[in-house]
Amino acid sequence: MSSNGKITLQGFNNLTKSLSFCIYDVCYAQTAEQKAEYIEYIDEQYNADRLTEILSEVCDIIGANILNVARQDYEPQGASVTILVAEEPLKDSDDVDKTEQPGPLPDSVVAHLDKSHICVHTYPESHPDDGICTFRADIEVSTCGIISPLKALNYLIHKLESDIVTIDYRVRGFTRDVKGVKHYIDHDINSIQNFISQDIHDQYRMLDVNVYQENIFHTKMMLNDYDLDQYLFGTTVNDLKDNEAEEVSERLFKEMNEIFYGRNMPDMKNH
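Residues numbered from 1 in each chain as written. Predicted model: local features only at pLDDT ≥ 70, side-chain atom pairs only at ≥ 80, totals over all residues. Heavy atoms only, no water.

### Some details on the state of the cysteines
Next up, step 1: Taken as a whole and judged by the stated rule, the model has zero disulfides.
Next up, step 2: Free cysteine Cys 27: the closest other cysteine sulfur is in Cys 133, separated by 4.5 Å.
Next up, step 3: The buried category is assigned to Cys 27, whose relative accessible area is 5%.
Next up, step 4: Classification of Cys 133 by relative accessible area gives buried; the value is 0%. (Disulfide = S-S within 2.5 Å. Buried < 20%, exposed > 50% of the residue type's maximum accessible area, 1.4 Å probe, protein only.)

### Thoughts on helix H1 (residues 32–45)
Next up, step 1: For H1, spanning 14 residues, the distance from its first C-alpha to its last is 20 Å, which sits close to the expected 20 Å at 1.5 Å a residue.
Next up, step 2: Of all the residues in H1, the buried ones are Gln 34, Lys 35, Tyr 38, Ile 39 and Ile 42. Taken around the axis of H1, the buried residues stretch over an arc of 140°, which confines them to a single face. Facing away from the buried side of H1 by more than 90 degrees, the exposed set consists of Ala 32, Glu 33, Glu 40 and Glu 44.
Next up, step 3: Where H1 is buried, its residues touch strand E1 (16–28), strand E4 (116–126) and strand E5 (132–144). (Helix = DSSP H or I, 4+ residues; strand = E, 2+ residues; numbered from the N terminus. Expected span 1.5 Å × (residues − 1). Arc of directions from axis to C-beta. Contact = heavy atoms within 4.5 Å.)

### A look at the pairing of E5
Next up, step 1: With ten of 13 residues buried, E5 lies mostly within the body of the structure.
Next up, step 2: As judged from the 13 bridges shared by E1 and E5, these two strands associate in the antiparallel manner. Counterpart to Tyr 24 in the pairing with E5 is Arg 136.
Next up, step 3: Sheet analysis places E4 next to E5, joined by eleven bridges and oriented antiparallel. Counterpart to Tyr 123 in the pairing with E5 is Arg 136.
Next up, step 4: The turn joining E4 and E5, which pair antiparallel and follow one another in sequence, is formed by five residues; a positive phi near 85° is taken by Gly 131. (Pairing = 2+ DSSP bridges.)

### Focus: unusual backbone geometry
Trans is the common state for peptide bonds, and a negative phi is the common state for residues other than glycine.
Next up, step 1: For Asn 215, which is not glycine, the phi dihedral falls at a positive 55°.
Next up, step 2: Turning to its location among the elements, Asn 215 is positioned in the loop between strand E9 (204–208) and strand E10 (216–223).
Next up, step 3: For Asn 215, a relative accessible area of 13% translates into the label buried.

### Here we look at the nonpolar core
Next up, step 1: In this structure, Phe 21, Leu 153, Ile 167 and Met 221 are the most contacted members of the largest nonpolar core, which totals 65 residues.
Next up, step 2: No other element matches the eight residues that E1 contributes to this core.
Next up, step 3: Apart from residues lying up to four places away in sequence, Met 221 is in contact with Ile 157, Asp 163, Ile 164, Val 165, Ile 167, Ile 196, Ile 200, Tyr 204, Arg 205, Met 206 and Phe 260. (Core = buried A, V, L, I, M, F, W, Y, C linked by side-chain atoms within 4.5 Å.)

### As for the pairing of E10
Next up, step 1: Within E10, seven of the eight residues are buried, which leaves the element mostly enclosed by the surrounding structure.
Next up, step 2: Strand direction decides the pairing type here: E9 and E10, joined by five bridges, are antiparallel. Note that in E10 the partner of Met 206 across the bridge is Met 221.

### Things to note about the packing of aromatic side chains
Next up, step 1: Summed over all chains, the structure comprises eight aromatic pairs.
Next up, step 2: When the ring centre of Phe 174 is taken as origin, the NZ or CZ atom of Lys 182, which lies over that ring, is 5.8 Å away.
Next up, step 3: The ring of Phe 260 has Lys 220 sitting right over it, with the charged end atom 5.6 Å from the ring centre. (Phe/Tyr/Trp six-rings, centres within 6.5 Å; stacked < 30°, edge-to-face > 60°. Lys NZ or Arg CZ within 6 Å of the ring centre and 35° of its normal.)

### A look at the side chain of Ser 162
Next up, step 1: Here Ser 162 lies in the loop between helix H3 (153–159) and strand E6 (164–172).
Next up, step 2: Contacts of Ser 162, omitting those with residues within four sequence positions, involve Ile 23, Tyr 24, Tyr 204 and Leu 223.

Listed below in structure tokens is the structure:
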């Protein structure tokens, strides 16, 4: 650092790497009271303080220093947290793991993030008529430097268990080597899936949409199997009337498929 307090950027990697993803939790709340209780439950589980704890754990795991935390709870529900972080003294770039392989699990520690930010916004909501409630959290990890934020994926997916995950990763800009040659990406990547651990692969169905020439990568994931009881808030399958379990399952499956494919689908009973 120079005498005026400014950071010297000579030899700095100027590539910007952005990881953005949405996680969705879907459930069925039979009554208006159960809907309200579900929203209240989610709002409490993922309030600004709790989200700050989660993102702070991410910073600890990736070895980043927290510079600033901005957090806010909203009325009637929802929260957001933004954390500015900086890396600890950086290793030589040759020592940094940039291979296309799964990142750490929650109990692992990796190298350091460069100057960066991590932010999350939550959106609890419910369907006005059919009992479906959906919680969405939008998370972004953005770095400027050597380390790819993809290394944080496994920890966050494990920490925020979800029914559907949509992930976007993009490398922007360029950096120059000592000979002045521009480099638009500094690590190999064919798919975000290659950075995800096997246990997550076993749980989810995954689909890629990639634009390789633009260094844009997209992966979406949906759970392979589910137990209806795990999706009922404030009730159980045994409490449902005849044929009601099948109807609720169809509603939940339709909701999850619409989120996964990003489009509304017709009610098959009406066609």
